[in-house]
Number of protein chains: 2
Amino acid sequence: MEPSAPSRRVTIVDVARHAQVSTTAVSKVLRNAYGASPEMRAKVRRAIDELGYRPHAGARGLRGQTYTIGVMLPDIRNPFFPEILDGITGSLEDTEYQVFLGPGGNGEKAEARVTEAMIDRRMDGIIMIAPVSPRTHLEQVASSVPTVVVGRHGSSPVYDTVVDDDVEGASLIVDHLAGLGHRRIAHIEHRETDPTRRAEMPNARRADGYRQAMRALGLAESIDVVSTSYTQEGGYKGAKELLARPRLPTAVFAGADIVAMGVLEAVAEAGLSVPGDISVAGYDNTTFAALGPISLTSVDQAGHEIGRNAARLLLERIADRRRPSVQVRLSPTLVPRRTTARPPE
Amino acid sequence: MEPSAPSRRVTIVDVARHAQVSTTAVSKVLRNAYGASPEMRAKVRRAIDELGYRPHAGARGLRGQTYTIGVMLPDIRNPFFPEILDGITGSLEDTEYQVFLGPGGNGEKAEARVTEAMIDRRMDGIIMIAPVSPRTHLEQVASSVPTVVVGRHGSSPVYDTVVDDDVEGASLIVDHLAGLGHRRIAHIEHRETDPTRRAEMPNARRADGYRQAMRALGLAESIDVVSTSYTQEGGYKGAKELLARPRLPTAVFAGADIVAMGVLEAVAEAGLSVPGDISVAGYDNTTFAALGPISLTSVDQAGHEIGRNAARLLLERIADRRRPSVQVRLSPTLVPRRTTARPPE
DNA sequence: CACCCTTTGGGAAACGTTACCCACAGCCCG
DNA sequence: CGGGCTGTGGGTAACGTTTCCCAAAGGGTG
């Protein structure tokens, strides 16, 4: 085996010559386009197989499509994304489209770099998962390539959206805890100051959902929200703060599983037991929430469904770029585990 | 904002006209190529900025490079990969290269699809992380594009490799346990039958390392290996089997953290305590190993370093495709936590 | 001062594919 | 039997960039 053999690749011209037809004809077969008889198709396909021809995606992109879909992923570590991704790739595996992931790096600048790179490569469509970029940037991207935004509330005429109902998810937790008898239910949120992001980011919607659900249960006075960040450390600090309250909460609803991990740590340090003294719930139903030693009550977003819908919407929009924008909202489900129980007497 | 405005993009021709030079000149500036005076460069760069020009990667690829690096990731869920990825993207963020991830889907077929797609898109180089494909396929890929293989032992003249020393990692654990006083140390491995994979796959190397280390300590008779798979269930089943032994092991070295999770579950079910009755160690130092309630002793592979090296080797090979292949081997470190302690008296 | 080399710049032909349009044959219909 | 469809196939000009080459100008050298 040669180190990187310089052998010329088989091109459409070679296929055409071998099949004794024009390159136009081969191109038509490749794209399943109109204007080729069944016999012609058969002949061309045979030539393709015999020569082992594969089209050059870049060259195709010069005139037509690249058959490439870009998925912007802000943070690969987030154990919730793989589900979405499976949904996307699953929907696309029977098509000609190939999915590539762009590491977003969790910042506006990194996100911009990736989306620009995708546009430079003329990807046919882009799926942005839980982007942190301002809406104007999303719209700018969407104005030059078909785009679906996942996990941002708020709609735009230029891109489609798929979200899980975070308000509903927050209620699921609050109702579950209240159903067990809890009244002093506290919440740890990810601090959000920017007004449009308060309206669009899932973390803010979860906090809103918490407040709404508490009020609906007549527990308005027990509303207690600590603002930190969606990290383990944020959970730890938030819990420390809650544990310093004159009257301790009997349950903590952390806005994300990873936050709940910090809470569990702080609670253990304080010498309290879970769920004996305090119940803890997270959000996202991440892999580790299910692990035996943790067994964290959480909310499952239908990740697979989210991905499937995003892929579907994107294909539709690639097919018809001027169809009106669509918003899909899915419902989460509660996954009760061993970190929540009746409050102490 | 128009839905997907049809506005023509700025091309190199526009830039040339605006700067009153030839397209050749602009191209030279873009590539930092020889044959452009400083004044010329300045003039062209200004025009580029004024027009907001961005080169079309596909068109570039037709003649030259695409400035795109593909990273094949077999399983996004593996919490060890993000570290490697950070190392890669970190090394590349000051270059013109853009990284895209191809979801490998943990199977030969899926891996082949992704690598072919990368080649079809004329990516300048490919990094394959822990591929499961047979070596012939790796060499085939490497023969058409510069390639670095991460996490496969065994070298090839056509691709570079970066591995962490799994034999050494296994010793770290065995020595650690023996140092605490354990003698009956069992191991749960991922079953591997194919002979070349036994030599190349990390899981097989870990099992070998375990045996070697046991023999080196004079514990050859206590060698006890159970073959299941690197999954939580595999750990659970493996542990069940070990717990049915007439003389229980006092420590279990699971070949991966996720396996250790299954072990912890089985041990808890058996009414035994960790590390009181039995010590448990994993491998990979995944995120959840560090979580408070778990606190699993593990082995840390220098993921970041692995990624940095892979990126460096790839750039070198892109620059000189016929330089001899290089193998980099890094050393892991032990991360002792609360699941390992002295054996019961 | 003739010659050659170096520096700077540009013209034009690739690169591999698709879009656009035209030609031709066969057929149906009035 | 003429006119207009429909189905089939191909010629050719894009698409946006880089590479290969050549030309001209300037400067050093014998």
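Fair warning: this is a prediction, and the values are worked out from it, not measured in the lab.

(A) Structural view of the pairing of strand E1 (residues 68-73) of chain B. Residue and element names in this part refer to chain B. Counting buried positions along E1 yields six of six residues, so the element is predominantly enclosed. On E1, burial covers both faces: Thr-68, Gly-70 and Met-72 on one face and Ile-69, Val-71 and Leu-73 on the other are all buried. Bridging between E1 and strand E2 (residues 98-103) involves six bridges; their strand directions are parallel. The partner of Gly-70 across the bridge, within E2, is Phe-100. Pairing geometry for E1 and strand E3 (residues 125-129), over four bridges, is parallel. Each residue of the ladder has a partner; that of Val-71, found in E3, is Ile-127.

(B) View of the relation of the copies chain A and chain B. Superposition of chain A onto chain B requires a rotation of 180 degrees combined with a translation of 0.0 Å along the rotation axis, giving an RMSD of 0.1 Å. This pairing of chains is accounted for by a two-fold axis. When the interface residues of chain A are mapped onto chain B, 100% of them again fall at the interface, so both copies present the same face.

(C) Structural detail: the UniProt feature "domain: HTH lacI-type" (unreviewed entry) in chain A. Sequence positions flagged by UniProt for "domain: HTH lacI-type" (unreviewed entry) are, in local numbering, residues 10-64 of chain A. Its end C-alpha atoms 20 Å apart, residues 10-64 of chain A is made of 67% helix and 0% strand.

(D) Summary view of the packing of helix H5 (residues 81-92) of chain B against helix H13 (residues 303-319) of chain B. Residue and element names in this part refer to chain B. Relative to each other, H5 and H13 sit at 45 degrees, their axes nearing to 6 Å. If you check the angle between H5 and H13, you find them oblique. The way H5 lies across H13 gives a crossing that is right-handed. Only Gly-303, His-304, Ile-306, Gly-307, Arg-308, Ala-311 and Leu-315 of H13 make contact with H5, whose side of the interface consists of Glu-83, Ile-84, Asp-86, Gly-87, Ile-88, Ser-91 and Leu-92.

(E) Spotlight on helix H10 (residues 202-216) of chain B. Residues and elements named next belong to chain B. Here H10 spans 21 Å end to end across 15 residues, near enough to the 21 Å set by a 1.5 Å rise per residue. Among the residues of H10, those classed as buried are Pro-202, Asn-203, Ala-204, Arg-206, Ala-207, Gly-209, Tyr-210, Ala-213 and Met-214. Following H10 by one or two positions, Gly-218 adopts a phi angle in the positive range, close to 75 degrees.

(F) Summary view of the protein's contact with DNA strand D. In the region of DNA strand D, 27 residues are neighbours, and A:Ser37, B:Ile12, B:Ser27, B:Arg31 and B:Tyr53 sit closest. A distance of 3.4 Å separates a base nitrogen of DNA strand D from a polar side-chain atom of A:Arg63. In this structure, a phosphate oxygen belonging to DNA strand D sits 2.9 Å away from a side-chain N or O atom of B:Arg60. Of all elements in the fold, only helix H2 (23-30) and helix H4 (57-63) of chain A together with helix H2 (23-31) and helix H4 (57-63) of chain B reach the threshold of two or more residues within the surface near DNA strand D. For the surface near DNA strand D, a count of residues per class yields 12 nonpolar, nine polar and six charged.

(G) Up close: the protein's contact with DNA strand C. Residues in contact with DNA strand C amount to 27 residues; listed here are only the nearest, A:Ile12, A:Ser27, A:Arg31, A:Tyr53 and A:Arg63. Near the protein, within 4 Å, the atoms of DNA strand C are sugar or phosphate in 66% of cases. One nitrogen or oxygen atom from the side chain of B:Lys28 is found 3.2 Å from a base nitrogen belonging to DNA strand C. In this structure, B:Tyr34 approaches DNA strand C through a side-chain N or O atom, which is 2.9 Å from a phosphate oxygen. Listing elements by their share of the surface near DNA strand C, those giving two or more residues are H2 and H4 of chain A together with H2 and H4 of chain B. Per element, the largest residue contribution to the surface near DNA strand C is four residues, and it comes from H4(A).

Scoring rules and cut-offs
Each chain carries its own residue numbering, running from 1 in the written order of its sequence. Working convention: letters from A go to chains and numbers from 1 go to ligands, in the order in which they are written. Residue-level local features of this predicted model are given only where pLDDT is at least 70; pairs of side-chain atoms are given and counted only at 80 or more, and the full residue set underlies all totals for whole chains, interfaces and linings. Only hydrogens and water are removed before side-chain values are computed, so all heavy atoms of the structure are retained for them. Any residue under 20% of the maximum accessible area for its type is buried, any over 50% is exposed, and the rest in between are partly exposed; the area is computed with a 1.4 Å probe on protein chains only. Runs of E in the DSSP output that reach at least two residues are strands. Runs of H or I that reach at least four are helices, and both are numbered from the N terminus. In short, DSSP must find at least two bridges between two strands for them to pair. The copies were overlaid by least squares, fitting only the C-alpha atoms of residues that reach a pLDDT of 70 or more in each copy. Contacts were defined at the residue level, with two residues in contact if any of their heavy atoms lie within 4.5 Å. UniProt positions are given in the numbering used here, feature names are shortened, and annotations may be inferred rather than shown by experiment. The convention used is that axes are lines fitted to C-alpha atoms, helices contributing only their stretch in contact, and that angles between N-to-C directions extend from 0 to 180 degrees. The scheme is simple: roughly parallel for angles under 35 degrees, roughly antiparallel for over 145, roughly perpendicular for 65 to 115, oblique for anything else. Less than a right angle of anticlockwise turn of the near helix away from the far helix marks a crossing as left-handed, whereas a clockwise turn marks it as right-handed. A helix is expected to span 1.5 Å multiplied by its residue count minus one. Any residue with at least one heavy atom within 4 Å of a molecule or strand is counted as near it. Under this definition, polar contacts are N or O atom pairs within 3.5 Å; protein pairs additionally need one hydrogen-donor-capable and one acceptor-capable atom, and for neighbouring residues in sequence, both atoms have to be side-chain atoms. Basically, the charged four are Asp, Glu, Lys and Arg, the nonpolar ten are Ala, Val, Leu, Ile, Met, Phe, Trp, Tyr, Cys and Pro, and anything else, Gly included, counts as polar.

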